[in-house]
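Here is what each chain is made of, one letter per residue.
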Amino acid sequence: MTESLMNLWHPIASAEDLPYRHIFQGQLLGRELAVWRADDDFVNVWENRCLHRGTRLSIGRSDGLELRCQYHGWRYANRSAGCTYIPAHPADAPARTICNRTFPSVERYGLIWSGEEPTGEPPEIAALENAETLLLRNIAVNAPLNLVLGHLANYRFSITGDPDNLATTSMDYQDGCSLSLTATCDGKKSTVVFFVQPVDSNRSVIRGVLSNSPEGAERLLTLRHHSAELSRLRDIVELEALDGPSLEPMVATIEQVPIALPEITTPSGRKAALRVQVLRKWATAEGVVGLELESIGEPLPTHQPGAHIDVHLPNGLVRQYSLTNAPGEGSLYRLGVKLEADSRGGSACLHETVKEGDVLAISEPRNNFPLRRDAVKTILIAGGIGVTPLLSMAQTLRNNKLDYELHYFAQTDGHLAFPEVLNELGEAVVLHLGLSPDETSQALTALLAGPQPAMHIYVCGPGPMLEATRRIASEADWPDEAIHFEYFKNTIEVDSSSSFEVSLARSALTLEVPSGKTILEVLRDNGIALMSSCEQGACGTCEVTVIEGEPEHQDVYLNDSEKLAGQRIMTCVSRAKSPRLVLDI
Amino acid sequence: MKLLANPEVCTNAAILDLWHPLVPTSEIQVGVVRELSLLGQAVSYLSTSPDIYRAWRTDPATPVGTASEPSSVTEGLPILDRYGYLWTSLGVPNGDLFDIPEYDEPDRRNIHAATIGVHCSAPRAIENFLDMGHFPYVHTGVLGIEPHTEVVDYDVQIDADSNELWATQCLFFQPMAAATSTAGEMVGYTYRVPHPYCSLLYKTSPLDESRMDVIGLFVRSVGPDRIEAHMILSLIDDSNTDSFIRRFQQSIFAQDKPILENQNPKLLPLDPRAETPIRSDRSAIAYRRWLSDLGVTYGVIPEGRSND
Amino acid sequence: MIKIYDYILSVNCYKQRLMMSILDVPFESIPIDFYPGWEHKSEEFKKINPLGHIPVIDDDGFMLRDAHAILVYLASKYDPTGLWYPTNNPELIGETAQWMLFAEGTTNTASAARLHVNLGYEFDIEACRAGAHRLFRVLEEHLWFREQENLGWVCSGEQPTIADIAIFPDVILSEEGGVARIDYPALRRWTDRVKRIPGFVPMPGIFPVGDARPISHEGEANA
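Read on for an overview of the structure.

About the cut-offs
Residues numbered from 1 in each chain as written. Chains lettered and ligands numbered in written order. Predicted model: local features only at pLDDT ≥ 70, side-chain atom pairs only at ≥ 80, totals over all residues. Heavy atoms only, no water. Contact = heavy atoms within 4.5 Å. Buried area = accessible area lost by both parts, 1.4 Å probe. Salt bridge = Lys/Arg side-chain N within 4 Å of Asp/Glu carboxyl O. Helix = DSSP H or I, 4+ residues; strand = E, 2+ residues; numbered from the N terminus. Nonpolar A, V, L, I, M, F, W, Y, C, P; charged D, E, K, R; others polar. Phe/Tyr/Trp six-rings, centres within 6.5 Å; stacked < 30°, edge-to-face > 60°. Buried < 20%, exposed > 50% of the residue type's maximum accessible area, 1.4 Å probe, protein only. Lys NZ or Arg CZ within 6 Å of the ring centre and 35° of its normal. Patch = residues over 30% accessible without salt bridge, like charges linked within 9 Å, V, L, I, M, F, W, Y side chains within 5 Å. Areas by Shrake-Rupley, 256 points an atom, 1.4 Å probe, with all protein chains shown as cover. Core = buried A, V, L, I, M, F, W, Y, C linked by side-chain atoms within 4.5 Å. Axes fitted to C-alpha atoms, helices over the stretch in contact; angles between N-to-C directions. Parallel < 35°, antiparallel > 145°, perpendicular 65-115°, else oblique.

1. Describing the interface of chain A and chain B
Line of reasoning, step 1. Between chain A and chain B, the contact holds 46 residues from the first and 38 residues from the second.
Line of reasoning, step 2. Together chain A and chain B conceal approximately 3,800 Å² of surface at their shared face, both sides included; 48% is due to carbon and sulfur atoms.
Line of reasoning, step 3. When the area that chain A buries against chain B is broken down by residue, the three leading residues are Arg-53, Tyr-71 and Val-556 of chain A, summing to 20%.
Line of reasoning, step 4. The interface formed by chain A and chain B includes seven salt bridges.
Line of reasoning, step 5. Put simply, Arg-53 of chain A and Asp-281 of chain B hold a salt bridge, and the shortest N to O gap is 3.6 Å.
Line of reasoning, step 6. The dominant element in the side of chain A that touches chain B, judged by the number of residues it contributes, is helix H10 (residues 560–565) of chain A, at three residues.
Line of reasoning, step 7. In terms of residue class, the side of chain A that touches chain B is made up of 23 nonpolar, eleven polar and twelve charged.

Below, the structure written as structure tokens:
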């Protein structure tokens, strides 16, 4: 019986149980659920445990866009349930695999429906297919589903709400977890459909829906009448349940932390995992086209502020574009694409060829430019189209009520991308229009004066501007860790850590691991499928055996003697001290 | 104290063969038999005269509150009076209890802060004690505050001789690190786990930089998922009353209790893929591996088993 | 300045600290070594309250004991709006008294269970838990019907009263005594509303809730 219950849709809450900024605690077939309505009205149904240490998400907080776990403040985005921020490591982007288990949600008849592994759709009940239904008060019962249904079959109520004038009832239908009764009295009829939610082996919730809601004062009378009658029924059922056999609680399986699926690589080494459709394309500024991409089928994965996607263009080229919207907002990705004069066909293709309604292949978001949320103040410096990742950051900082400024350097007013977003950000935006290189340097010097501890700067723009910023910041005594650059061209490295070679003993392959790339990434780029999970050197999944060479351990998984022995390495974070490592793969 | 119905009885030698804390000796009345639950078993204890204690497995025929050990008890349990608590073992302890040299220093304030009951497993409580990342969220304004949420890297080692777990070079920004603090600062901590269900934390004394204040959590596992947590302090402090210090510790622990009680599964999973550790969880990662290596199966879900 | 004989982990003392914070009344805590000192049972303290309970307040010489009596006093004296203890409305004041007595029930069930689990108090834990659930069921239905009338507090007014303050701590800390609230969604929404009252302060064991959603121009608000 339980297997088939797993494949059905069940009501787990009423729509009114989900005011904004509240996290509802529910349970279905033994599994606790955290249910919350985001500000965009999407109803999230998640397993009620944070992936980190199993803390109930229902004791956390919702800000309408993200859910924050009460224990360590981890943040999970609306819709995707992906982790967007881990406060203990504010400078790191959480691994994409950190994603809560979600369940589907459908709103119907004033109820929220979900299921373990539901097939098809929630039930359609003809009697309820009208706008006049009335949802009765939900009644939690400490009794199993069958017992509750059995008693409900004999439920009697009054159409007028008078408990001394119960109507004659007849059953319209009954199935495994619901039934419908119609009462007749003095020519009047009233139909009630009861859905019984199987919470646990010995717990259920009765969710009744009247097919026709009475008007005015009668509405409340009716609700009170049914609440009283159902409470009496509950008391009887619970007494009977106590005499029944004692039932073991249902145990929901908790899945292991997912291993990132090995990627099947294309020659370029990057897989375009997602298909999206161009929802909207418009000229957002002089020479800049805005694109809104929505998913076809599966919901879009979480992105973090600063993240970018690979877009696989119809002409065969692959280009990276930053996502401009903040996490948790809507179910689409918004990009800004500047038409480059010396374009080899990438931006030209998006400007001229791609149309609304077209389908594009894109990668999942990657984040090499993560945003810290623990700065006392954040300064964002955008040069031209470099504003795109910074817009996502600015909105995120605004949503989290953190102090920031966005300095946008552009040629003219008409060159400002996404002016509607800039308007919303209000006074936090400072425009610098039409400045010459010298004037730009002066402006940068002014805004970079007076570094304070725990302030952070994020810069994105053309190469010369980044170099100027680097120089000015250094002269103004900004610490290196406080300034973060994103270069829009692949070849420039940001990182000054090592580059070395890895030789793969079993694959007869020698690969270069450049600075800024991990061994794991290089292997995957070259078709070697390695599993990973946390991508922080903590869980041990991406471990590989070292045959030769001296690893430079940066993980926390191996103990000291294991590190000293040098025969194992965590490929997601560790590097090499020697010029070459020979790995046993 | 009433016993809980049907606690699961421990048969795990790695845990049975250890000393476990029963109650603070200050709370033991002379001449009254009391009982409690340890590792799922009923244990009775008695003080026959000041500082003389006896403990034995409860004789079901003996009512609580009587004045002496029943004659039916042929073998008492081994006992220790250490650090202000009565300790016993339900197995064969291999040697003495772990040592806390600071406790015996003549100018120390040794304080039993409280014993609080929590519906969680002992290892969950120990892991929470070792964790710093929760300070700004659970102990807001006291042990941590946003935006100072970063946990910088620290060291974790197993001491080869004593087989104790140590986490050193731990550093965290604290607005009110001790009951006596007046301003926020980076505070250095060292954590020590000398016993699967006991942990100690060392921080530099505000009064003497060369010495450490010690705070301890000694857990009595009532059942696999229920504990009585004893909190002990050994401080250099010449100005605050015992009462003041106790209140501070009690309010800190009272903030942790609902978190511990809202973690699932209650038993600590030792499989590295059961939960998602991050770099700042070094001590937790090491603690779970250490418990596996010791062969602990009580209060945990051993590696390779699914939770159920 | 009001002095309160206080213990940080006492639910009844918290009710006063909460009320005084909401009413913006400054106060001084005189800590009582409740546990493990049992100072409230000492001969010294019994001179202050012969029943050996806290909280007790001392408002410039005026002494008052009993959590719910103190709430009545604080609201009567320090609330210029007169809404927290609405003496000018006979029906509302009757309701307030009714629900204050209900709070005696929640204290003696849910909070008693908490004292048993936390500090080993000798109570019949199963009876306490069953009693708490009986009361929570009544309150759940009551609050659900309030929401049907677009109201959100225990009494019929549009503003909370001391009855909400008296009941809230027993409810919000019920899980410490093993009384879960998963079956009471209306009760859980009400606790969020209480946490959003301006001037709300938590005690150890209570977590803050986030801000309510700003009211949109269509006038939709948070429940």
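2. Looking at the packing of aromatic side chains
Line of reasoning, step 1. Applying the stated criterion to the full structure yields 33 aromatic pairs over all chains.
Line of reasoning, step 2. Judged by centre distance (5.7 Å) and plane angle (70°), the ring pair of Phe-369 of chain A and Tyr-458 of chain A falls under edge-to-face. Of this pair, Phe-369 of chain A sits in the loop between strand S23 (359–362) and strand S24 (377–383) while Tyr-458 of chain A sits in strand S27 (residues 455–460); the two residues are 89 residues apart in sequence, bridging distant segments of the chain. Each member of the pair, Phe-369 of chain A together with Tyr-458 of chain A, is buried.
Line of reasoning, step 3. Measuring from ring centre to ring centre gives 6.3 Å for Phe-129 of chain B and Tyr-191 of chain B, while their planes differ by 80°; the resulting arrangement is edge-to-face. One end of the pair, Phe-129 of chain B, is in helix H2 (residues 122–130); the other, Tyr-191 of chain B, is in strand S10 (residues 185–195), with 62 residues separating them in the sequence.
Line of reasoning, step 4. Assessed through its relative accessible area of 16%, Phe-129 of chain B is described here as buried.
Line of reasoning, step 5. Residue classification places Tyr-191 of chain B among the buried positions, given a relative accessible area of 1%.
Line of reasoning, step 6. Through pairs of rings, three or more aromatic residues link up here, namely Tyr-83, Tyr-85, Trp-87, Phe-98, Tyr-103 and Phe-218 of chain B.
Line of reasoning, step 7. Over the ring of Phe-145 of chain C we find Arg-224 of chain A, and its NZ or CZ is 4.3 Å from the ring centre.
Line of reasoning, step 8. Between the NZ or CZ atom of Arg-213 of chain C and the centre of the ring of Tyr-20 of chain A, over which it lies, the distance is 4.0 Å.

3. Some words on a nonpolar patch on the surface
Residue and element names in this part refer to chain B.
Line of reasoning, step 1. A cluster of nonpolar side chains, namely Val-152, Leu-171 and Met-186, defines an oily patch on the protein surface of about 230 Å² accessible area.
Line of reasoning, step 2. With respect to the helices, strands and loops of the structure, Met-186 is situated in strand S10.
Line of reasoning, step 3. For Met-186, a relative accessible area of 47% puts it in the partly exposed group.

4. Some details on the nonpolar core
Line of reasoning, step 1. Counting 103 residues, the largest nonpolar core has Tyr-76 of chain A together with Leu-39, Met-132, Tyr-189, Tyr-191, Leu-217 and Tyr-287 of chain B as the members making the most contacts within it.
Line of reasoning, step 2. With seven residues, the top contributor of residues to this core is helix H4 (residues 242–261) of chain B.
Line of reasoning, step 3. Of all hydrophobic cores here, the second largest spans 93 residues; its members include Ala-15 and Tyr-155 of chain A together with Leu-23 and Val-25 of chain C.

5. Some points on the packing of helix H5 (residues 125–148) of chain C against helix H7 (residues 185–195) of chain C
Residues and elements named next belong to chain C.
Line of reasoning, step 1. One can describe the packing of H5 onto H7 by two numbers: an axis separation of 8 Å at closest approach and a directional angle of 70°. The angle between the axes of H5 and H7 places the two elements in the roughly perpendicular class. For the pair H5 and H7, contact is made by Phe-136, Leu-139, Glu-140, Leu-143, Trp-144 and Glu-147 and by Pro-185, Ala-186, Leu-187, Arg-189, Trp-190 and Arg-193, respectively.

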